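# Structural overview
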Amino acid sequence: MSRIGKRPIAVPAKVEVAIDGQSIAVSGPKGELSRVLPDAIALEQEGATLKVLRRNESRSARQLHGLCRTLVANMVEGVAAGFTRKLEIQGVGYRARVDGRNLVLTVGYSHEVRIEPPAGVQMAVENNTNVIVNGIDKEIVGNLAARIRAVRPPEVYKGKGIRYAGEFVRRKAGKAGKK
């Protein structure tokens with residue numbers, strides 16, 4: 001049995017869960033999320049805990065068990081506390097700013113790069129070089145952070161570019177000079 005799938009999900013007091021067949025709706029102080037689970041997966045609520053169960057022992061049900069448990073747990077955590085991804089910009093003249101809801105990046109191209117966030121996601125910039133992405137849906141927050149990083153990934157010779165906070169970039173030695 002899936003080690004992740006069999007763990008129960010603790011539901012905080014301020015979070016409400018509504019199960020209707022295969023759909024689950026979770027609402028809390030930060031917002032509301034809903035998702036439709038596959039037919040091979042069943043949900044069971046016992047007081048302040050949720051259990052994700054398999055309807056049968058088919059291969060697809062076993063594959064989806066841990067995934068669905070993690071998706072539901074992320075929904076509960078997201079509406080209770082939210083998710084944050086931090087990115088750092090390194091490089092001379094590289095900077096970011098927020099223009100309305102959009103993020104404007106100046107990272108060495110001949111033009112500024114504008115990134116528009118999806119609904120429910122907020123972006124902030126600290127010290128012109130630290131970008132903070134906040135939201136209640138972990139998948140959307142992570143995808144937006146990855147899109148921002150993909151504008152100028154860190155390069156291995158000087159380390160310039162956009163990286164996740166705390167990300168280690170392995171550096172390469174430059175050209176060896178003449179003897």
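Scroll up to find the structure this text is about.
The written sequence of each chain sets the order in which its residues are numbered from 1. Local features in this predicted model are restricted to residues of pLDDT 70 or higher, and side-chain atom pairs are both shown and tallied only at a pLDDT of 80 or more, whereas totals for entire chains, interfaces and linings draw on every residue. In computing side-chain properties, one takes all heavy atoms of the structure into account and sets aside hydrogens as well as water.

## Brief notes about the overall build of the chain
We count a stretch as a helix when DSSP gives it H or I for four or more residues in a row; a strand needs E for two or more, and each element gets its number in order from the N terminus. Secondary structure assignment for the chain yields 2 helices and 13 strands. Both definitions apply: the radius of gyration is a C-alpha atom measure, and the globule rule equals 2.2 Å times residues to the power 0.38. For 179 residues, the compact-globule estimate of 2.2 N^0.38 gives 16 Å, and the C-alpha radius of gyration of the chain, at 21 Å, exceeds that figure by more than 25%. If you line up the chain on its principal axes, its C-alpha atoms span 70 × 45 × 25 Å. The contact criterion used throughout is that any non-hydrogen atoms of two residues lie within 4.5 Å. Relative to all contacts within the chain whose residues are 6 or more apart in sequence, the contacts with residues 24 or more apart total 51%. Neither His nor the chain ends contribute to the count of charged residues, in which Lys and Arg are positive and Asp and Glu negative. By convention, the charge on Lys lies at NZ, on Arg at CZ, on Asp at CG and on Glu at CD. Here the chain contributes 31 positively and 17 negatively charged side chains, and the mean placements of these two sets differ by 13 Å.

## Let's talk about the pattern of salt bridges
In what follows, salt bridge is the name for a side-chain nitrogen of Lys or Arg lying within 4 Å of a carboxyl oxygen of Asp or Glu. Following the criterion strictly, the structure yields 5 salt bridges and no others. A salt bridge links glutamate 57 to arginine 54, with the shortest nitrogen-to-oxygen separation between them at 3.1 Å.

## Examining the packing of aromatic side chains
The way to describe two aromatic rings as a pair is by their centre distance and the angle between their planes. For Phe, Tyr and Trp, where Trp contributes only its six-membered ring, two rings pair if their centres lie within 6.5 Å, and the inter-plane angle classes them as stacked under 30 degrees, edge-to-face over 60, or tilted in between. Under the definition given, this model contains 0 aromatic pairs. Two limits define a charge over a ring: the Lys NZ or Arg CZ must be within 6 Å of the ring centre, and within 35 degrees of the ring normal. The ring centre of tyrosine 164 lies 4.5 Å from the NZ or CZ of arginine 85, which sits over that ring. The ring of tyrosine 109 is capped by arginine 152, whose NZ or CZ atom sits 4.2 Å from the centre of that ring.

## Comments concerning the sheet that holds strand β10 (residues 113-115)
At least two DSSP bridges between two strands are required for those strands to pair. Pairing is antiparallel across the open sheet formed by 3 strands, whose spatial order is β8-β9-β10. Lying at the two open borders of the sheet, with one neighbouring strand each, are β8 (95-99) and β10. If you compare each strand with its neighbour and ignore which way they point, the axes differ by 25° on average. Here, axes are lines fitted to C-alpha atoms. For helices the fit covers the stretch in contact, and angles between N-to-C directions go from 0 to 180 degrees.

## Here's the deal with the nonpolar core
The nonpolar side chains of a soluble globular protein tend to be buried, and buried together. Formed by 20 residues in total, the largest nonpolar core has its most connected members in Ile9, Val15, Val17, Ile24, Val26, Leu50 and Val72. Secondary structure elements with two or more residues in this core: β3 (23-27), β5 (41-46), β6 (49-54) and α1 (59-80). Looking at this core, the element that brings in the most residues is α1, giving 7 residues. Ignoring anything within four residues of it in the chain, the contact list for leucine 50 reads Pro8, Ile9, Val11, Val17, Ile19, Ile24, Glu44, Gln45, Val72 and Val76. Within this scheme, the nonpolar core is defined by two criteria: the residues are buried Ala, Val, Leu, Ile, Met, Phe, Trp, Tyr or Cys, and they are joined through side-chain atoms within 4.5 Å. Relative accessible area decides the class of each residue, using a 1.4 Å probe on protein chains only: under 20% of the type maximum gives buried, over 50% gives exposed, and in between gives partly exposed.

## Some thoughts on helix α2 (residues 138-151)
An ideal rise of 1.5 Å per residue puts 20 Å on 14 residues; α2 measures up with 20 Å between its terminal C-alpha atoms. Within α2 the residues assigned to the buried category are Val141, Leu144, Ala145, Ile148 and Val151. Viewed end-on, α2 has its buried residues packed into an arc of 110°, placing them on one side of the element. Summarising the contacts, the buried residues of α2 are in contact with β7 (83-90), β9 (102-106), β10, β11 (121-126), β12 (130-135) and β13 (161-164). Where α2 begins, one side-chain oxygen reaches toward the backbone nitrogen of glutamate 139, 3.2 Å away; that side chain belongs to aspartate 137. Here the expected length of a helix is defined as 1.5 Å per residue gap, with one fewer gap than residues. The arc in question is the one traced by the directions running from the helix axis out to the C-beta atoms. Nitrogen and oxygen atoms within 3.5 Å of one another constitute a polar contact, given that in protein one can donate a hydrogen and the other can accept it, and given that sequence-neighbouring residues count only through two side-chain atoms.

## Points about the pairing of β8
For a regular strand, side chains alternate in direction, first toward one face of the sheet and then toward the other. Here 5 bridges tie β8 to β9, and the two strands are oriented antiparallel to one another. Counted as the bridge partner of alanine 96 is leucine 105 from β9. In this antiparallel pair of consecutive strands, β8 and β9, the connection spans 2 residues, and glycine 100 shows a positive phi of 70°.

## A word on the side chain of glutamine 22
Among the structural elements, glutamine 22 can be located in the loop between β2 (16-20) and β3. Side-chain polar atoms of glutamine 22 contact the backbone oxygen of isoleucine 41, separated by 2.9 Å. The residues touching glutamine 22, leaving out its near neighbours within four places in the chain, are Arg35, Val36, Leu37, Pro38, Asp39, Ile41 and Arg55.

## Overview of unusual backbone geometry
If a residue is not glycine, its phi is most likely negative; likewise, a peptide bond is most likely trans. Positive phi outside glycine occurs at asparagine 127, with the angle close to 55°. What makes asparagine 127 exposed here is its relative accessible area of 64%. Although it is not a glycine, asparagine 128 sits at a positive phi angle of roughly 65°. Secondary-structure assignment places asparagine 128 in the loop between β11 and β12. With a relative accessible area of 44%, asparagine 128 lands in the partly exposed category.

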